Amino acid sequence: MSNRVLVIGSGGREHAICWKLEQSPLVSQIYALPGSFGIGQLGVKCQNLGADVLDAKDFEVSAVYAPEVRRG
């Protein structure tokens, strides 16, 4: 079983969450919104989603996007 995870934020806490998720065999892909340079450098599982893809402060759109990530 592999899971895709959406992490919203770009700070140190979000970096630590993504770093730990990157190590999990249960996680196949990590999307960080909006992410940061450091999160993007963590590994092949991590992908930053920029403001052109999704607005991190638009919670309604994020709630719709999250299940789409899961279905993939």
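The rules we used
- Residues numbered from 1 in each chain as written.
- Predicted model: local features only at pLDDT ≥ 70, side-chain atom pairs only at ≥ 80, totals over all residues.
- Heavy atoms only, no water.
- pLDDT = per-residue confidence, 0-100.
- Helix = DSSP H or I, 4+ residues; strand = E, 2+ residues; numbered from the N terminus.
- Pairing = 2+ DSSP bridges.
- Axes fitted to C-alpha atoms, helices over the stretch in contact; angles between N-to-C directions.
- Contact = heavy atoms within 4.5 Å.

Per an unreviewed UniProt entry, the recorded name for the protein chain is Phosphoribosylglycinamide synthetase N-terminal domain-containing protein, and the organism is Drosophila navojoa.

Let's shift gears to the confidence of the model for the protein chain. When the pLDDT values of the protein chain are averaged, the result is 83; 79% of them are 70 or greater. The element-level mean pLDDT for the protein chain is lowest in helix H3 (residues 59-71), coming to 63, with helix H1 (residues 12-22) highest at 96.

On to the sheet that holds strand S2 (residues 27-34). Pairing in this open sheet of 3 strands is parallel, and the strands run S1-S2-S3 from one edge to the other. The open sheet has two edge strands, strand S1 (3-9) and strand S3 (46-48), and neither has a second partner. Averaged over all pairs of adjacent strands, the angle between strand axes in this sheet comes to 20°, irrespective of strand direction. Pairing of S1 with S2, which is carried by 7 bridges, proceeds in the parallel orientation. Of the residues in S2, the one forming a bridge with Val-5 is Ile-30. Those strands touched by H1 are S1, S2 and S3, and its axis lies near 170° from that of S1.

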